[in-house]
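Geometric and topological summary
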Amino acid sequence: MSEQPVETFRLGYVPGATPGKWARTWRDRFPHVPLELVQVEADDAVAALERGDVDAAIARLPVDKTRLSAIALYEELPVVVVSRDHLLAATTEEEVVPAADLADDVVHLPADDVLYGAGVTVPGLRPAAYREDGSVDPAGVAERPATSADAVAWVAAGAGVTIVPMSLARLHHRKDVTHRVLDGGPTAPVGLVWVSERTTDLVDELIGIVRGRTVNSSRGRGAAALQDAGGPSSGGPRGGDGKGKGRGDAAQARRDGGRGRAASPGGGRSGGGRPAGGGRPAGGRGKPGAPGKGRRGR
């Protein structure tokens, strides 16, 4: 049978997301199907899917499930970004920050914030609004940094502190700022998202990859199409029988550092807990996984 051209599969990903491990599995398993990674802004990910700019996306959750389907992958830890001359910069990187320790700090949340939804209490002091003459306007609306990158730049300039998911703190890292995990803060869930009405064969194969399905356990629709197009009929990375997937996700979470709770192969949380060293630290203070240690005075 003559080879048929196979359309490029476009996988979008938001800033801070790390699609590399799934992209590697795809390329190992389906070398004849080009995979294009497309970065999309967090607030444009859904629109990019609906426009057809990407076939699926690693995006921020939640999404509207009346139009979209999603599989939860992991939850990112929240971190406080402070300037290098801030008191918190003197703490160790393993030490977590209780919300009470931000009581005297002005917290600037970016306009593209993904942590604090409606009704969620933000620690610290609210930014003030100013009139043109420089006086405080109690009834005014304070200016906000447009993006997480802008928020980090404001912090570097000494304007206060900000709170962002760990991956964004690392993405926008500067030598004049540092970050610490915020104890008890809201996490930022990340998942695989696609338009429900466009669950194509290739989307189905990507779903299998993120859920840990092996080549031999594939549902077969996409695999058959790929074989007809000259793709591999078998082989690819051996994934075992799926047992221990939660442990593998937890290990990946520890390596990435910014991932909190790893998701199970079916999309839920693995083991009902948090991976040691990668999840939100237990006990509220001290080193992750070592509750009760490292309490720092103000």
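Look up: the structure comes first, before these words.
What you see is a predicted model, and the numbers here were worked out from it, not measured in a lab.

Each value, and the rule that gives it
Residues numbered from 1 in each chain as written. Predicted model: local features only at pLDDT ≥ 70, side-chain atom pairs only at ≥ 80, totals over all residues. Heavy atoms only, no water. Helix = DSSP H or I, 4+ residues; strand = E, 2+ residues; numbered from the N terminus. Buried < 20%, exposed > 50% of the residue type's maximum accessible area, 1.4 Å probe, protein only. Salt bridge = Lys/Arg side-chain N within 4 Å of Asp/Glu carboxyl O. Phe/Tyr/Trp six-rings, centres within 6.5 Å; stacked < 30°, edge-to-face > 60°. Contact = heavy atoms within 4.5 Å. Core = buried A, V, L, I, M, F, W, Y, C linked by side-chain atoms within 4.5 Å.

Topic: the environment of G191
The residue G191 is located in strand β8 (residues 188-195) in this model. Accessibility expressed as a relative area gives 0% for G191, which makes it buried. Taking the C-alpha atoms as reference points, G191 and Y74, separated by 117 residues in sequence, lie 6.9 Å from one another.

As for the pattern of salt bridges
With the rule as written, the count across this model stands at nine salt bridges. R10 serves as the salt-bridge partner of D55, at 3.4 Å between the closest nitrogen and oxygen. Placement of D55 in the loop between α2 (45-51) and β3 (56-60) and of R10 in strand β1 (residues 9-13) is noted, with a sequence separation of 45 residues between them. In this structure R10 comes out as partly exposed when scored by relative accessible area, which is 23%. Residue D53 pairs with R51 through a salt bridge whose shortest N-O separation is 2.7 Å. A relative accessible area of 37% means that D53 is categorised as partly exposed. Note on R51: relative accessible area 49%, which makes it partly exposed.

Notes on the packing of aromatic side chains
Applying the stated criterion across every chain yields a total of two aromatic pairs. Geometrically, the ring pair formed by W26 and F30 is edge-to-face, given 5.1 Å between the ring centres and 75° between the ring planes. An identical accessibility class is assigned to W26 and F30; each is buried. In textbook terms, an aromatic cluster arises when at least three aromatic residues are bridged by ring pairs, as seen for F9, W26 and F30.

A few points about the environment of L168
Along the chain, the position of L168 falls in helix α4 (residues 166-171). A relative accessible area of 9% places L168 in the buried class. Through-space distance from the C-alpha of L168 to that of G16 is 5.3 Å; in sequence the pair is 152 residues apart. Aside from chain neighbours lying at most four places away, what touches L168 is P15, G16, R60 and S148.

With respect to the nonpolar core
In terms of nonpolar packing, the biggest core is built from 37 residues, with F9, L11, W26, I58, L192 and L206 touching the most fellow members. Top element by residues in this core is helix α5 (residues 201-210). It accounts for six residues. If we ignore the near neighbours within four places in the chain, the residues touching F9 are W26, P34, L35, E36, D55, A56, L202, V203 and L206. Within the second largest apolar cluster, 14 residues are counted, among which are V97, L115, L182 and A188.

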